[in-house]
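Listed here are the chains, written in short residue letters.
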Amino acid sequence: MSQTNHNPVEKYRILTLEPGHFHAALVMKESNPQIDTTCYLYAPDNAATFQYLEYIKNFNTRKQNPTSWNPVWYKEKDYLEQAWKQPSGSILVLAGNNRSKTAWISKAVNRGYAVLADKPMAIDPEGFAKLELAMTTAKNKGQLVYDIMTERYEILNILQRLLMQQKELFGELEKGSPDNPAIVKESLHHYYKLVAGVPLKRTEWQYDPKQAGSGLVDVTTHLVDQVQWTCFPEQKLNYNSDVQPIRARLWSTAISLLQYNASTGAARFPDFLDTYRKGDSIHIPSNGEMVYALKGVHVRIKVEWNYESTRGAGDRHYSMIRGTGCQLVIRQAPTDRFGASLYVEPVSGKTLSEEKLITAVNEIKRIYPDIRFKKDGAGWKILVPDHYRSGHEAHFAKVTEQFLTYLKAGRMPDWEWSFMTSKYFVTTQSLALAKQ
């Protein structure tokens, strides 16, 4: 555990630097008594900044549980210099251009700020080396650097993790192989979608892999974290000995100028996307697949991006973890109205005992008493009431609460630090593999 000699403040001060992604605003969606309602914004006078301020305004004026944020916006030409003049112990929120993020994390650590950053915190091997150095410095100084891993608060992920710990049901985690991994995680995302009820306007840099990161280092961060958090809970990892990248690949999504305009509001493709232009469209390497081993367990992760989902479908997620007793699968099917469900399924050549499932679910009901299950083919479907499904946007408040708990204690567990280094090692080394 890292130590610190600072005293907790009465109210933490939030600074937001260049909020180019809507996640910067979602950190502020709910009030928190530990955070000063006066917050500080350092950003240029542009569309992304106005979108951020509009989100804050909507949070302040909603009918149910309105917030009372008072943003102080510093937009002069020297805003980047002014951002580092706040008191030590302030919280720097980073959710924007990923090309600058690693350098800003380093600067924040040297200034004495705590950092709450959207993923990814590093988008290439060079960035990983700088991030690891910044995290080592922060840990030695008793400061916090923490990335926003919202998927840890998704109920199906929580239940999959809890069921995996029921050894009479799940057995032991299989090792698998590169061609038949024991863990598979896949997700499908969309450039054009609604956030907080309004169409999301993306900044133009989000289409540039050199600024946003490619398909192997962005959303994959969440999935790699889920593998660690679910299968090796609170275990300290050493990426030098525990992580083995095996293979990786990238491929492109085509975006027409009309789609680009609807998504960003821009009338033309910017010059920095010339490398990806083919005729009247851009082809962005936003899709990625990696295979690696973690403590000898083989994992496959795949992320794809389309422009827009079919009506009602939204982003989609698939997760399979195979044990010697059963496999736990999260999938989204049309029969579930495109809502995800968790299934307990038999593994090849074995029967699945309902009695063991009853015992396992009864243990989980100590925490989530309304969980049920029903027969589904050869296995069972876990029935999750709507009141346990809080939604992606609500998870940001949970991340902030956990971050503040660590911050107030002045320390973060060693396993959390190791999860971050192992996670970004996997993603950035997979990128290097794909480019070979």
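The model shown is predicted, which means the values in this text are computed figures rather than measured ones. (Residues numbered from 1 in each chain as written. Predicted model: local features only at pLDDT ≥ 70, side-chain atom pairs only at ≥ 80, totals over all residues. Heavy atoms only, no water.)

Q: Account for the packing of helix α4 (residues 98-111) against helix α5 (residues 125-141), naming residues and giving values.
A: Between two packed helices, what matters for the description is the angle formed by their axes and the separation of those axes. Orientation of α4 relative to α5, taken along the N-to-C sense of each, is 20°, at an axis distance of 9 Å. By the angle between their axes, α4 is roughly parallel relative to α5. As α4 packs across α5, the resulting crossing turns out to be left-handed. Judged by residue contacts, T102, I105, S106, V109 and N110 of α4 engage G127, K130, L131, A134, T137, A138 and K141 from α5. (Axes fitted to C-alpha atoms, helices over the stretch in contact; angles between N-to-C directions. Helix = DSSP H or I, 4+ residues; strand = E, 2+ residues; numbered from the N terminus. Parallel < 35°, antiparallel > 145°, perpendicular 65-115°, else oblique. Left-handed = near helix turned anticlockwise from the far one by under 90°. Contact = heavy atoms within 4.5 Å.)

Q: So what's going on with the pairing of strand β13 (residues 297-306)? Residues and values would help.
A: β13 sits mainly inside the fold: seven of its 10 residues count as buried. Two strands pair when backbone bridges link them, and strand β7 (residues 183-190) and β13 are joined in this way by eight bridges, in the parallel orientation. When the sheet's bridge partners are listed, S187 is paired in β13 with V303. Pairing of strand β12 (residues 281-294) with β13 involves seven bridges; the strand directions are antiparallel. Looking at the pairing, E289 lines up with K302 of β13. Once β12 ends, the chain turns through two residues before running back antiparallel as β13, passing K295 with a positive phi of about 50°. (Buried < 20%, exposed > 50% of the residue type's maximum accessible area, 1.4 Å probe, protein only. Pairing = 2+ DSSP bridges.)

Q: Pulling in residues and values, what's your account of the packing of aromatic side chains?
A: The final tally for this structure, using the stated rule, is 16 aromatic pairs. With a centroid separation of 5.6 Å and an interplanar angle of 85°, the aromatic rings of F50 and W73 are classed as edge-to-face. With F50 in helix α2 (residues 47-61) and W73 in strand β3 (residues 70-74), this pair connects stretches of sequence that are 23 residues apart. With a relative accessible area of 22%, W73 lands in the partly exposed category. Over the aromatic face of W251 sits the side chain of R249, whose NZ or CZ is 4.1 Å from the ring centroid. (Phe/Tyr/Trp six-rings, centres within 6.5 Å; stacked < 30°, edge-to-face > 60°. Lys NZ or Arg CZ within 6 Å of the ring centre and 35° of its normal.)

Q: Which residues make up unusual backbone geometry, and what values do they have?
A: The peptide bond linking K119 to P120 adopts the cis configuration, its omega dihedral lying at -15°. Tracing the chain through its elements places P120 in the loop between β5 (114-117) and α5. The backbone phi angle of N65 is positive, close to 50°, even though this residue is not glycine. Looking at the element boundaries, N65 is found in the loop between α2 and β3. Given the relative accessible area of 62%, N65 is considered exposed. Positioned with a positive phi, K295 is a non-glycine residue whose angle comes to about 50°. Note that K295 resides in the loop between β12 and β13.

Q: Give me the lowdown on the pattern of salt bridges, citing residues and values where you can.
A: Throughout the structure, instances matching the rule amount to 17 salt bridges. We note a salt bridge from K423 to D147, for which the minimum N-O separation is 2.9 Å. Here the residue K423 occupies a position in helix α14 (residues 414-435), and D147 occupies one in strand β6 (residues 145-147), the gap between them amounting to 276 residues. For the salt bridge of D242 with K295, the shortest nitrogen-to-oxygen distance reads 3.7 Å. (Salt bridge = Lys/Arg side-chain N within 4 Å of Asp/Glu carboxyl O.)

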